[in-house]
Every structure is written in structure tokens, then in C-alpha cells.
Amino acid sequence: MKRRFLQIWMILFFLTPVLIPGQRPQGNPRGIISGQVFDSINSSKLEYANIVLFKTSDSSFVSGATTNANGKFIINEIPPGQFFLDIKFIGYKVNRIADLRIGRRQLRVELGKIYLERTVIAAQTVEVIADRPLVEYKIDKKVVNVSENYAHIAGTAVDVLENVPSLSVDLEGNVSLRGSSSFTVLIDNRPTALDANDVLQQIPASTIDNIEIITNPSARYDPEGISGIINVITKKRRLEGVSGMTNTNGGLDDKYGADFLLNFRNGFGNISLGGNYSQRTRPGQTESENRTIFNDTTSTINSTGSTDSQRRRMGLNGEIQLFLSQQDNLNLGFRIGDFRMERTSELDFREVWSPGTINNNYLSYSDSERGGEMQMVAVDYQHIYASKAELSMRMMYFHRAGDEESSNRLMTADQTVKSGQLTTEKGPSDRLRGAIHYQQPFARGSKFEAGYQGHERHSTDITGFSQYDSVTADFIYLPEFSHNIDYRRAIHSIYSLFSQDKNRLGYQIGIRSEFTDRTVTVSGGDSSTPIKRWDYFPTLHGSWKMTDKIQIMSSYSRRINRPRGYYLEPFLTWTDAYNVRKGNSNLKPEYINSYELGIQLPFSNNLISVEGYLRERQNLIERTRQIYAANVTLHSVENVGQSQSTGLELMFNIKEIKWWDINLIGNIYVYQVEGEFAGNSYNHSSDNWSLRLNNIFRFGDATRIQLTGRYNSPSASSQGTRAGYYVTNLGIRRNLLGRNLSLTLQINDIFSSAIREYTAEGDNFYAYSRNTRDAPTAMLTISYNFNNFKQQRRNRGEEGEDFEEDF
């Protein structure tokens, strides 16, 4: 009852400023700028010219519009101030109108007739399109411009991240941020209820504007995750009127998909609606060897065969943004979707015991399916005070219905089933999040920030296990291996920050305190000990501008990696005849100390970025293997000790040749792990490095070719090593119809070199696996966007600058 009362109170608190307009202070009235655009030679009216308004003080974007069929435009809801206006259109010179003022004495500015001069082009001497760099460095993050990544435009966010500093992607599509798969994913600065890797696998690359990599977030952000935050920023339109984009793609091995985005904006608000559907398959080959020693008997199982995985996703999202007044904005958003992943395998097994006479051959058939529906609704409110202070509030609700089923059958050569297992898991998950943030700027470039964040989660999982019975030739349900799990967790956080930029020095100090209340209840089994714990997370960021172009940046943050829900399930779950899984109800969270120091050295059109980092992990959580019985391996999760990663990350952006851009990224680090497991002490270390080379070749205004290569070196863990591998990808893009239409061909893993090999060893066991996927793969994407300008305007045979970036 208390929890429900708190939820209702938070919702009312959030909506009070919106529902009671009289409580908001009335701001200054807003102004209007209007005009009409013509061709300077024949005085024809120019439709779909881009009109963009900027602040004179800092050249920041304010608003914009496009001209109608009569060449007329109007920009509403302009706050008081001084501005300049740019009028742009393909094949014409930019016309800039300066010294525009909006105030109480002049709320309407009528510019009358505006004439644009045609651009005079010397044949084949003008570079028309200015490409953004693939990766940009900001003071606190790296920004990946997805529109410049042609080799993965038909893929997902995971495919884009393959060529990003600090990140690596394995052959199964699992993302690691500086060697760790524990990180937080945000979509448009909002949390999500899904697993981080599941989220990235579901977002089409064609709907993403950019991706922000934040390896040392400030105290304002949730400290969950070992290695930081990946923030996915989706595409949006900021000009007035109706606009949109569509993407359709298809490729080999039954791969296809489509997505769309529609947007309408005027002086009162903005409405957007988007949707997507895709199917991706990944056929491949696998082989493995597993050796166990139990009661002086060595058993060896070798397997080879084919595997196939299929991912299907569909989603619909929308947002309504209301400009309530000059000081108040209200956003209402939703996202619904369905995700389904299927895996199948057909393997030949050979089982040999020594000493002994057992020498058997089997066929193994495995099927698994996982997925479910997801819904999210969000309300955001923002108020800006006359003192430039800002108050923002957010409420989000997630619901997810998940289900999973996997089966395995071992069969003899005559198709007789020797053994089989069937496991199921289903149950809903609900999450409620609320946040309040306040910031107040002061003189001398200083600012104070403070806020509260609350996160409540409740999930129920019903697991079932059935074993194949040769007498009935069917699966028999075993209640002793079936369980109901109730997981509840509430986290309440408060934080504050103070920052200042003075002369060439800047700093930010933050502190965050969190209270965690968690219970895990298992029916008919052991439940974990309830947790009621306070944690503290300090952060520190600093910067020093050595010159106008050279800047040194440093940062520190303390983070936490809480165990996942299924890590805590203290019961056995059989995955097949030779493997069983068990959680650990006493698992402790990891605590991470992260340090960074970096410098950027621009010269000419080039950039060199160097960043050193140190990450310390306590209560290290790792997946472990032990012998459970003859031929059976127990997989579990343990706190195995502590680790340290010390590394150097380098990036070179080279633009010495006009038609060729080179982006070279290197990451070198030493990983050390030490601790104790199963009564044995260990101390392992490995030298790890990765290299990414990205080339973009420009042929005229409309054609781009991207050739990328990456290599990941071998790496070690507490019980095993992963072999190194390299991948080469190619992307070709051709823009048509004045960049309204584009064709992109991508070919991935050109040399079929993406091979995953892993070896694990411990007391009385040895395991080796090798996985490959069918390659190369090819995809073709057709993209179309509208309401930038009309197609017939290109019939003049003239070229010029284009205001908008690719959609």
C-alpha cells in the first residue's frame, strides 16, 4: 500500500505544473519572422527553400521552416533576442540576413521579398557535400555519426559499434565496452527495461542519428554498469512542416526489413511517429571438445555440426512535444515492440570414456526460442526560469512479457531418442522510474545541479523442466526442478554537482547516494538474503585548455555492477544432457573505480586523440565451470576476486587527401585478474590490443565507398582464453534525386575470417569451442526522405551546398 501511494504521489507531483497553468510564471511574448523567396534571375518562387534562424550571440540553432508553393515562409514562437537568418537552397548561394531583433516593441518582422542568386560552378572543381567525421570527441564523451557508417546502414546499433573506439563486438553480436559487457544503454537519454545487448540488437541503424559513448559519467547518471553508458540518439526533424524517411533492405539468407519515420512540427509543438520490422538470420558451423575427469575416469565428447539463429523484431514509437509557453515544454512518448530470437543446431556427437569401453556416436538436435512484447510510456516536463535556472521532471513506466523455451534431444543413428530435456521460462516484468533535476547557473561560468531518481522493479519468473521418457516417448514434467521466482528491487538516489569554467581551467565535482532495497523469493527453495544498503558514488571531471585547440581532460567515477536477476536463482537448470546451470543467491555486487586522462591534438584537417585509462574491479563477477558428474559440467556465477585493466586508446583522423578520409583507432591494455575459486588461488594476466582502420573514399558529390577492417587480439579470463580474429567489411553508397534517394550496398566479413575460438581449463576439465558463420554476407538498402526540396529543382544541372545532413 505504501509503495502504491508513493507511485500515485509521484505521478501527481510530475503533472501538477502541467495541470495547473496558473502556477507557471508568464514569460515574454514570442515573435514572428516571415518572408517570400524568389529566384534572382527569373523571379520564380522557390518552394522548399530552407530557412534557418540562429542566435547572434553564439550561433546556436533557434528554429526553422521551409517555403511553401508560393515561396512564403513563417517562423513562429521566437523568443526575444537578436538573431540572423540563413536562406539556403540547392543550386543557389546562401543569403544571410543579420541584425534581426525580436522584443516587446517589435514582435513581428516582415522581410518581404528575398532573392537568391544561382551558384556559378566551375566544372568538377567544387566539393559539394561536407561529410561529418565518423567519430567526434567531446569533453565528456565520444559521438559516433551513424550516417557516415555506410558499411552497416542495413544492420542494427550493434553493427555500427563494431567500428567505434572503446567498444568491441564478438561474433554473436555481444557488445563489450573496454572489455566489459556490463554497461547501461539509454535511448534518447532515457533508460530502457531491456537487457543492454537486446536493446542494441533491436534498434535499426538507419533510424539512428548518432551514438554517444560515455565511459566516465557524472553523478547525474545512474552508476549501474562496469564500463559506462551507451546513449543512442534517434533521428528527428527540427524544421517546421511535414517530413519523413523510409528505409527498405534485403539480403542473402532470408534477411529483410523496413522502417519509417514521420514528423510534423509547427509553432505549437512537434509530433513524430516511427516503426520498424526486420528479420535477420545467421547460419554457421560449430565444433567443440569437452574433457572431464570424474572418479579417475576421463570422458571426452567431441561435436561438430551446423547452427542457425534468427532474430525478428518489430516496433512502433511516437512522441508529442508541446510548447506550452516560452518557459514550459511537455513531452509525451511511447514505444511498443515485439522481439523474437530462435536458435537451432544439428550436431554429431562422439562420446569416449577412458578407461572403459564406451565409444558412442549420437545426433543432437537443439531448438530454443526467446522473446516477448514490450511497452513503454513516458512523460517529461521542463520549465526554464527567468534566472536561466531549469527544472525538469520525468516519469516512465515499462512492461515486458517474456517467454523462453529450449529443447534438446540426443538420438542414435537409427533415430532412437537416447535422452532429452525441455526447459521453459515465462513471466512479466514491470518497472517504474521517476526523476527530478534542477540546475542553476551562476556568474563566472559556474553551475549547481541536484536531483532525485527512483527506480522500482518487480518481475515474476515461472520456470519448468521436463525430461524425455523412453517408455512414453514424451517429455515428463519434473516439479522438483521447476520453480517460481519473485524479484523485487527499489533504488532511491539523490545527487548534486558543482561545475565551473574559469579562464582555461574547468572542473566538475559530484556525489551520488543510493539506497537499495531488494528481495528474491523462490518457491520451494532457498531465497536470497534481503538487501537494504546505502552506496556512495563520487565523480570528478577536469579540463585544461593548453591552447585554443589543444585540451587535456581527466575524470574519475565510482560505479557498481549489480548481479542480474537470473544470476541469483539458487537452483539447477538443465540445458542439455551434458550441461547444467545454477545461480548464486549470495552473489555480491561489483564496485568499480575508473580513472581517465586524455588529450586531443588537432593539426591542419587532422586530429590525434590519446586517452589513458585505469579500471579497478572489486568482487569480480565471472561465469565459472566445475565438474558436476561424469560427462556433466556445472555452470555458475561467482565472486572470484579482483581485476585491473590499464590501457591506452589512440585515434587518428587523417584528411590529407581531398577524396580520402582515414580513421585509425587502436586500443592497448593489460588485463590482470587474481583471486580464489573452488579452493584454488590464481593470478592471470594478458596483453590485449585491437585495431580498427576505416577508409572513406569520395567520388564526386553522390558516391561514397567505405572499407573497414578490425582485429581483436587474444584475451584471458579467470578460467580461459579467447583467440584473436579479424574482419573486413565494405559499403558502397550512391545518392540520387538530389540526395532524396540513396542506395547502399554492404558486404560484411569479405574474407570469411570471423572465427570465434575459446579455451577453458580448470580442475578436472578442459573445454574448447570454435564457431564460424556463413560469410560473406550482403545487404542492399534503399532510403528515401522527403520535404527537403523538390526533385524537379535539380533539373537546372547546378550544384550547391545542402543544408541538411543525411536523414
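Summarised in this report is the structure supplied together with it. All of these numbers come straight from a predicted model, not from anything done at the bench. (Residues numbered from 1 in each chain as written. Predicted model: local features only at pLDDT ≥ 70, side-chain atom pairs only at ≥ 80, totals over all residues. Heavy atoms only, no water.)

## Some thoughts on the side chain of Ser272
As for its position among the elements, Ser272 is in strand 18 (residues 269–294). Contact partners of Ser272, with chain neighbours within four places excluded, come to Leu262, Asn263, Asn317, Gly318 and Glu319. (Helix = DSSP H or I, 4+ residues; strand = E, 2+ residues; numbered from the N terminus. Contact = heavy atoms within 4.5 Å.)

## As for the nonpolar core
Within the largest apolar cluster, 21 residues are counted, with the highest numbers of intra-cluster contacts made by Ile33, Phe73, Ile75, Leu85 and Ile87. At the level of secondary structure, the elements contributing two or more residues to this core comprise strand 1 (31–39), strand 2 (50–55), strand 4 (72–78), strand 5 (81–88), strand 6 (95–102) and strand 7 (108–116). Apart from residues lying up to four places away in sequence, Phe73 is in contact with Ile33, Ser34, Gly35, Gln36, Val37, Ile51, Thr66, Thr67, Leu85, Leu111 and Ile114. Residues Val146, Val158, Ile187 and Leu200 belong to the second largest nonpolar core, which totals 19 residues. (Core = buried A, V, L, I, M, F, W, Y, C linked by side-chain atoms within 4.5 Å. Buried < 20%, exposed > 50% of the residue type's maximum accessible area, 1.4 Å probe, protein only.)

## Notes on the sheet that holds strand 1
In any sheet, the strands associate via hydrogen bonds between backbone groups, in a parallel or an antiparallel arrangement. Overall, mixed pairing links the three strands, which are arranged 4-1-7 in an open sheet. Every interior strand has two partners, whereas the edge strands, strand 4 and strand 7, have only one. Along the sheet, successive strands turn relative to each other by an average axial angle of 15°, direction set aside. Inspection of the sheet shows strand 1 paired to strand 7 by seven bridges, in the parallel sense. Bridge pairing in strand 7 places Ile33 opposite Val109. (Pairing = 2+ DSSP bridges. Axes fitted to C-alpha atoms, helices over the stretch in contact; angles between N-to-C directions.)

## Details of the packing of aromatic side chains
Inspection of every chain in the model, using the stated rule, returns 15 aromatic pairs. On the numbers, 5.3 Å between centres and 50° between planes, the contact of Phe515 with Trp534 is tilted. In this pair, Phe515 sits in strand 27 (residues 505–522) while Trp534 sits in strand 28 (residues 531–545), placing the two residues 19 residues apart along the sequence. Here Phe515 falls in the partly exposed class, since its relative accessible area comes to 22%. Here the aromatic residues Trp659, Trp660 and Phe697 are joined through ring pairs into a cluster of three or more. The ring of Phe38 carries the charged tip of Lys113 above its face, separated from the ring centre by 5.5 Å. (Phe/Tyr/Trp six-rings, centres within 6.5 Å; stacked < 30°, edge-to-face > 60°. Lys NZ or Arg CZ within 6 Å of the ring centre and 35° of its normal.)

## A look at the sheet that holds strand 6
The antiparallel open sheet is built from four strands, whose spatial order is 3-2-5-6. Looking at which strands have only one partner, the edges of the open sheet turn out to be strand 3 (61–66) and strand 6. Across the sheet, the axes of successive neighbouring strands diverge by a mean angle of 20°, strand direction being ignored. Pairing analysis gives six bridges linking strand 5 to strand 6, with the strands arranged antiparallel. Residue pairing for strand 6: Asp86 is matched across the bridge by Arg96.

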